[in-house]
Amino acid sequence: MSSYVTRRSQLETYFDRTAVEAWSRLTSDAPVSKIRATVRAGRDAMRTTLLDWLPADMRGLRLLDAGCGTGALAVEAARRGAHVTAIDVSPTLIGLARERLPEIAGPGSIEFHVGDMLDPWLGRFDHVVAMDSLIHYQAPDIVRALAELSLRTDGSIVFTVAPRTALLTLMHAAGKFFPKADRAPAIVPITEGGLRRRISREPALERFAVERTRRINSGFYLSNAIELTKSPSSNHHPHAEEPERSGGLEGGLQPVAQSFEPSFEAASQHLRMRGGNGSAGGRSA
Ligand SMILES: C[S@@+](CC[C@H](N)C(=O)[O-])C[C@H]1O[C@@H](n2cnc3c(N)ncnc32)[C@H](O)[C@@H]1O
């Protein structure tokens with residue numbers, strides 16, 4: 001079993017059972033603790049950033065919301081007219097997303113699916129967004145996942161990673177703030193330089209370049225947004241071929257060589273030890 005599949009299965013257990021109540025609350029308007037309010041504010045700022053990087057008018061465009069959770073980003077994209085395919089490995093979160101789905105005025109639509117974000121059966125997309133859904137995977141698995149997604153993406157892939165400094169502090173802080181039952185599979189620290197090098201070495205990502213990055217820093221939430229855009233090609237025909245459903249979920253990731261022992265020391269959100277006041281700040285490269 002590859003490290004990707006092992007981690008995905010841990011995340012399914014965590015988001016579908018262990019933390020479903022906390023996650024449901026965090027992603028609603030219900031009152032939360034001061035710490036979690038900073039996480040909610042950071043996540044709102046991150047969602048706004050990722051949406052800002054997508055076209056303002058998404059009519060006729062296909063978007064994959066990869067690891068959609070309770071579906072907030074998918075709803076905003078559909079309101080812009082996008083045809084959104086929103087997928088999550090947690091059936092309970094997809095159930096919540098369906099319950100919360102508001103009426104979408106205009107031509108946009110959302111299809112919710114339970115499953116793996118890398119399933120080739122989902123088809124081709126103009127844009128892919130993966131907000132905080134790759135942060136628990138190791139760097140080689142993140143890049144392998146981006147490579148898989150890139151095969152079916154005609155425009156851009158926008159995603160988030162946890163900066164290295166956040167995780168180190170998070171692992172230190174986690175035990176102090178959260179009871180054991182509320183802990184998530186560890187968030188994996190990623191340096192931007194290391195990730196850029198891996199992306200530049202991945203043949204499937206040859207036509208993709210890092211367009212911009214932005215750090216969202218809000219109290220106990222710290223995450224980096226990254227946009228990969230595809231360069232145009234003269235003989236490229238968007239949406240030309242729709243792949244067959246295949247057993248390609250695990251198969252697509254088998255080549256990932258590195259594996260690691262999972263650890264559960266980290267907390268359920270991006271945490272770090274600092275007395276932040278919840279403001280969101282940015283950095284672009
Ligand atoms: C931290 S939550 C973020 C959810 C949503 N993107 C948001 O920002 O509200 C991460 C989500 O990614 C999902 N996830 C992780 N790995 C996945 C995979 N391989 N395929 C589909 N969903 C996945 C988890 O089940 C979880 O709902």
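Numbers given to residues run from 1 along each chain, matching the order in which its sequence is written. Only residues with pLDDT of at least 70 get local features here, since the model is predicted, and only at 80 or more are side-chain atom pairs given and counted; chain-wide, interface and lining totals rely on the full set of residues.

1. Digging into the overall build of the protein chain
Next, step 1: Numbering of helices and strands runs from the N terminus, with a helix taken as a DSSP run of H or I at least four residues long and a strand as a DSSP run of E at least two residues long. Within the protein chain one finds nine helices and eight strands.
Next, step 2: Partly exposed residues are those whose C-beta has more than 12 but fewer than 20 other C-beta atoms within 10 Å; with 20 or more the residue is buried, with 12 or fewer it is exposed, and the C-beta atoms are placed from the backbone. Evaluated residue by residue, the protein chain yields a buried proportion of 45% over its 285 residues.
Next, step 3: Contacts spanning at least 24 positions in sequence make up 79% of the contacts within the protein chain whose residues lie at least 6 apart. Contact between two residues is assigned when their C-beta atoms, built from the backbone, lie within 7 Å.

2. Let's talk about the site of the ligand
Next, step 1: Within the structure, the ligand sits among 18 residues, and F15, G67, G69, M117 and S133 are positioned closest to it.
Next, step 2: Every element with two or more residues in the shell around the ligand is listed here: helix 1 (3-18) and strand 2 (83-88).
Next, step 3: A total of three residues in the shell around the ligand trace back to one element, the largest contributor, which is helix 1.
Next, step 4: The class makeup of the residues in the shell around the ligand is nine nonpolar, five polar and four charged. In this text, near has one meaning. A residue is near a molecule or strand if its C-beta atom, placed using the backbone, is within 6 Å of it. In this count, Pro and Cys sit with the nonpolar residues alongside Ala, Val, Leu, Ile, Met, Phe, Trp and Tyr, while Asp, Glu, Lys and Arg are called charged and the others, Gly among them, polar.

3. Section: the pairing of strand 4 (residues 125-130)
Next, step 1: With six of six residues buried, strand 4 is to be regarded as a mostly interior element.
Next, step 2: Paired strands, in this sense, are two strands between which DSSP finds at least two bridges. Bridge analysis of strand 1 (residues 62-66) against strand 4 gives three bridges, and the strand direction is parallel. Paired with L63 across the two strands is H127, which belongs to strand 4.
Next, step 3: Inspection of the sheet shows strand 4 paired to strand 5 (residues 153-163) by five bridges, in the parallel sense. Among the inter-strand pairings, A130 is bridged to a residue of strand 5, identified as F159.

4. Observations concerning helix 3 (residues 34-52)
Along an α-helix, residues three or four positions apart point the same way, because every turn accommodates 3.6 residues.
Next, step 1: Between its terminal C-alpha atoms helix 3 stretches 27 Å, which fits the 27 Å expected from 19 residues at 1.5 Å a residue.
Next, step 2: When helix 3 is considered as a whole, its buried residues turn out to be T38, V39, R40, G42, R43, A45, M46, T49, L50 and L51.
Next, step 3: On its buried face, helix 3 sits against helix 2 (20-26), helix 4 (72-79), strand 4, strand 5, strand 7 (208-218) and strand 8 (221-230). The span you would expect from a helix comes to 1.5 Å times its residue count less one.

5. Examining the pairing of strand 8
Next, step 1: Burial of strand 8 is extensive: eight of the 10 residues sit out of reach of the surface.
Next, step 2: In this structure, strand 5 lies alongside strand 8, joined through six bridges in antiparallel fashion. Bridge assignment links I157 to a residue of strand 8, and that residue is L228.
Next, step 3: For strand 7 and strand 8, the ladder comprises 10 bridges, and the chain directions are antiparallel. Across the sheet, A209 pairs through a bridge with T229, a residue of strand 8.
Next, step 4: In this structure, the hairpin formed by strand 7 and strand 8 is closed by a connection of two residues, where G219 is found at a positive phi of approximately 55°.

6. Structural notes on the environment of R201
Next, step 1: Of note, R201 is situated in helix 8 (residues 192-201).
Next, step 2: Considering only alpha carbons, one finds R201 and V143, 58 residues apart in sequence, at a separation of 9.8 Å.

7. Regarding the confidence of the model for the protein chain
Next, step 1: Confidence scores here are pLDDT values: one per residue, from the predictor, ranging 0 to 100. In this model, the protein chain carries a mean pLDDT of 81, and residues with pLDDT of at least 70 account for 75%.
Next, step 2: For the stretch residues 175-179, pLDDT sits under 50, and the model shows seven contacts to residues farther than four places along the chain or on other chains.
Next, step 3: Counted against residues more than four places away or in other chains, residues 236-285, with its pLDDT under 50, gives 117 contacts.

8. Considering the nonpolar core
Next, step 1: In this structure, L63, A74, A77, V129 and L146 are the most contacted members of the largest nonpolar core, which totals 67 residues.
Next, step 2: Setting aside anything within four residues of it in sequence, one finds L63 in contact with M58, A77, A82, V84, F125, D126, H127 and V129. Here a nonpolar core is just a set of buried residues of the types Ala, Val, Leu, Ile, Met, Phe, Trp, Tyr and Cys, joined wherever their C-beta atoms sit within 7 Å.

9. Section: the packing of helix 3 against helix 4
Next, step 1: Angles here are taken between N-to-C directions and fall from 0 to 180 degrees, while the axes themselves are lines fitted to C-alpha atoms, restricted in helices to the stretch in contact. Remark: helix 3 packs on helix 4, axes separated minimally by 11 Å, with the N-to-C direction vectors making an angle of 35°. Of the two elements, helix 3 crosses helix 4, and the hand of that crossing is right-handed. In this structure, helix 3 contributes R47, L50 and L51 to the contact, and helix 4 contributes A72, L73, E76 and A77. Crossing chirality is assigned from the near helix's rotation relative to the far helix, an anticlockwise turn below a right angle marking it left-handed and a clockwise turn marking it right-handed.

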